[in-house]
Amino acid sequence: MITPAFELTQDPDFLTVKIRVPYARASEFDIYFEGEDFKFYAKPYFLRQLTLPGRVVEDGRERASYNTDEGTFTIRLPKEIPGQYFEGLDMLTSLLAPKKSRSAKPLVEEIAASAELSEENEEEFDWEMEQIPYEESTTPLQHPYGFGNLRSGVFQRLQDELSDVIDIKDPDQTPAEERRRKRLAAEAAKFEPDHYLADLFEDEAIKHLLKYKPWWIDAHKKMTALQGASHQEHDSATFVVFSEEEREQLRKFTNKSYLLDKRSRHHVYLGLIDILLAYCYEICVNEGDKNVESSWNIRKLSATLCWLESFSSIHDVLVSFGRRVLCYPLYRHFGLVTRACSDTVMILQLGRAAILKCLLDIHKIFMESDPAYILNDLFITDYCIWIQRVKSKKLAALSESLQKTTLSKSHMGLELEELEAAAVLVQEEEKALKAAGTVSKQQLLCSESETSDSEESSSTSSSETEGSDSDEQESSTSEDGEINSFQGTLQEERTAPLIDCNGSRQGANAPAMEAGDGKSKVSLQSTSPPGKLVEELQMQIKSAMRLSEQPEGLATASCISQEQEENPVAEPDRFSEDTAGKGNFLEVPSKPNPLLFLCSTNEDED
């Protein structure tokens, strides 16, 4: 805190305290007085303890006023005893001293060895710092700043309290050229390529913000349409309406004149463009709503407010604003720079009323921000008063010059075009790698599919092999069943009468059966064991007997049963006769007849 400069005067009934607090927030101050004590606070000034030479009283006659031009508070306090004369009002050091330091207690005391001091008798420890009245330096400062470069020495005593408002340290001792060099170096160090590229390629949110239409767009359309219809210029006040709060704000300003030379006027116009650019960006990104970052956005994007910069051309203003947009705020997109430029041109074309409305909004935003209110005293309040007397022709010429000034990414000095080209190449490489990965993945899926198909085919072949084996097993089982069935039939009919080749029937006890002319015989002895006869027949059937080729003149006779002799057409397919005369083959019937014998000649036996 800063101890403000003050002075005291008196008349028979009142004590007057005049406190000088330049650039303080006049809307928030505290005054306390009772008896001989007086305290005052207005950030960043604090008069902690002023011990008066007489007593004052609070009885409703006390008054206080604030002079904005001089930055002084004047406080009139009624005396408790009217007509009393207060001595030593010019002894400021004595008035600032605490009460206990003015006591008559000796400075050095001899304390007996046996004496013991209790804590109750000890003097309390003084935690308060000594107050030293501020004295303004008489040495003229060479590096002014503020509106029209009319201020100086402000930050010399407020640097600690206002370090969050501006980025430059000790501006009173820093010339304009050095401020510019430090600003450019700070912007280059703050620029983050990753943040810029992220906003460039992922710009859905920014595209949405660019669609927002503030109030001056509709006002400009109405003015343009009306001028086009009547071919006459119209006052912008027709399209701009001030609220009651804004009118009350205007009534609080003090009317004064500014003596500016040509160079200073040039700096003021360019500073106005810089401040409006920052304000247009803030309105666009927040879609007209105010938040805790609004004050930070405006003062951070304006080099006039943040670095106390004095520009020499419109192009320098645009480059500075563009660089700061790409380095500091949340949304860092070049489209927001061009949008702010076009909005500023519209505001300037609307004239003094539109500019004043924007400046009043900025003034309100800074008043609601704790450290930024000092910028109102340095810039915004003076701009609000000055703009009301500016001629419309000058504003029209200024808007035309701004509209003709071109700005590109190459002017930023941040190598944006090279950075974007490198990013595009990286994107193309990533797309190529992604496409190659997709092809490889498809090939892998095809390979896996082919492998799966071969495995399915192999399993199908295995299944078919197993099925074939099972079919063969079933066929073998069926053949065994037929053999067993035939064996049972032979066993059942083993006692049946035998038939010779001549058709005569023999009894069961006949000694033998002769076939043909007696040269070849197949005999079945009735005395043979039944099991041996069955085994011989079974072996002959399994060996698939086949008749060899018969020679010419060979007589073949078939021994058939009596039923087949009676009905020879009943089973024509019993034997298959070769038309070429090469031989006869034995066919096994599906239901074998019991004891079918073939008679052959003796040549067959040979």
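Counting of residues starts from 1 at the beginning of each chain's written sequence and follows it residue by residue. Only residues with pLDDT of at least 70 are given local features in this predicted model, and only at 80 or more are side-chain atom pairs given and counted; all residues enter the totals for whole chains, interfaces and linings. Side-chain numbers come from the whole structure's heavy atoms, not from hydrogens or water.

With 13 residues, helix H15 (residues 392-404) extends 19 Å between its outermost C-alpha atoms, agreeing within 8% with the 18 Å of an ideal straight helix rising 1.5 Å per residue. Looking only at H15, the buried set comprises Leu 395, Leu 398, Ser 399 and Leu 402. Down the axis, H15 shows its buried residues gathered within 95° of arc, on one side only. Facing away from the buried side of H15 by more than 90 degrees, the exposed set consists of Lys 393 and Lys 404. Going along the chain from the N terminus, every DSSP run of H or I of four or more residues is numbered as a helix, and every run of E of two or more is numbered as a strand. What a helix is expected to span follows from its residue count: subtract one and scale by 1.5 Å. Exposure is judged per residue with a 1.4 Å probe applied to protein chains only, and the accessible area is read against the type maximum: over 50% gives exposed, under 20% gives buried, and values in between give partly exposed. The directions from the helix axis to the C-beta atoms are what the arc is built from.

This part covers the sheet that holds strand E5 (residues 63-67). The four strands lie next to each other as E1-E2-E6-E5, forming an open sheet whose pairing is antiparallel. The sheet is open, and its two edges are formed by strand E1 (5-10) and E5, each paired on a single side. The average angle at which neighbouring strand axes cross in this sheet is 15°, direction not considered. The pairing criterion is simple: DSSP has to find at least two bridges between the two strands. Sheet topology places E1 next to strand E2 (residues 14-20); six bridges connect them, and they run antiparallel. Fitted lines through C-alpha atoms give the axes, limited to the stretch in contact for helices. The angle between two N-to-C directions lies from 0 to 180 degrees.

Time to look at the pairing of E5. Pairing between E5 and strand E6 (residues 72-78): five bridges, direction antiparallel. Counterpart to Ala 64 in the pairing with E6 is Ile 75.

For the rest of this paragraph, the subject is the packing of aromatic side chains. Two rings from Phe, Tyr or Trp (for Trp, the six-membered ring) form a pair when their centres sit within 6.5 Å of each other. Planes less than 30 degrees apart are called stacked, planes more than 60 degrees apart edge-to-face, and all others tilted. In total, this model carries twelve aromatic pairs according to the counting rule given. On the basis of an interplanar angle of 75° and a centroid distance of 6.2 Å, the ring pair of Tyr 41 and Phe 46 is categorised as edge-to-face. Tyr 41 sits in the partly exposed class, given a relative accessible area of 26%. The exposure class assigned to Phe 46 is partly exposed, which follows from its relative accessible area of 31%. Seen in terms of ring centroids, Trp 216 and Tyr 279 are 6.3 Å apart; in terms of plane orientation they differ by 50°. Their pairing is tilted. Of the two residues, Trp 216 sits in helix H6 (residues 215-230) while Tyr 279 sits in helix H8 (residues 262-285), which places them 63 residues apart along the sequence. Tyr 279 matches Trp 216 in its accessibility class, with the two residues each being buried. Cation placement over rings: the criterion is NZ of Lys or CZ of Arg within 6 Å of the ring centroid and within 35° of the ring normal. In this structure, Arg 76 is placed above the aromatic ring of Phe 14, and the distance from its NZ or CZ to the ring centre is 4.4 Å. The residue whose ring lies beneath Lys 357 is Trp 215, and the NZ or CZ to ring-centre distance is 5.8 Å.

A word on the packing of helix H7 (residues 244-252) against helix H13 (residues 352-367). Following both chains from N to C, one finds H7 and H13 inclined at 85°, their axes separated by 11 Å at the closest point. The angle between H7 and H13 places the two elements in the roughly perpendicular class. Mapping the contact onto sequence places Glu 245, Glu 246, Gln 249 and Leu 250 in H7 and Leu 356, Lys 357, Leu 360, His 363 and Lys 364 in H13. Note on residue classes: Ala, Val, Leu, Ile, Met, Phe, Trp, Tyr, Cys and Pro are nonpolar, Asp, Glu, Lys and Arg are charged, and everything else, Gly too, is polar. Grouping the constituent residues of the contact of H7 with H13 by class yields three nonpolar, two polar and four charged. Note that the term roughly parallel is reserved for angles under 35 degrees, roughly antiparallel for angles over 145, roughly perpendicular for angles of 65 to 115, and oblique for everything else. Note on contacts: a residue pair qualifies if any of its non-hydrogen atoms lie within 4.5 Å across the two residues.

Describing two packed helices takes the angle between their axes plus the distance from one axis to the other. Put simply, H8 and helix H11 (residues 314-325) touch, their axes get as near as 10 Å, and they point 30° apart. One finds that H8 runs roughly parallel with respect to H11. For the pair H8 and H11, the sense of crossing is right-handed. Taking contact as the criterion, the partners of Leu 270, Ile 273, Asp 274, Leu 277, Ala 278 and Tyr 281 in H8 are, on H11, Ile 314, Val 317, Leu 318, Phe 321 and Val 325. Across the contact of H8 with H11, the residue classes tally to ten nonpolar, no polar and one charged. Helix crossings get a hand from a simple test, with the near helix turned counterclockwise from the far one by less than a right angle marking a left-handed crossing and a clockwise turn marking a right-handed one.

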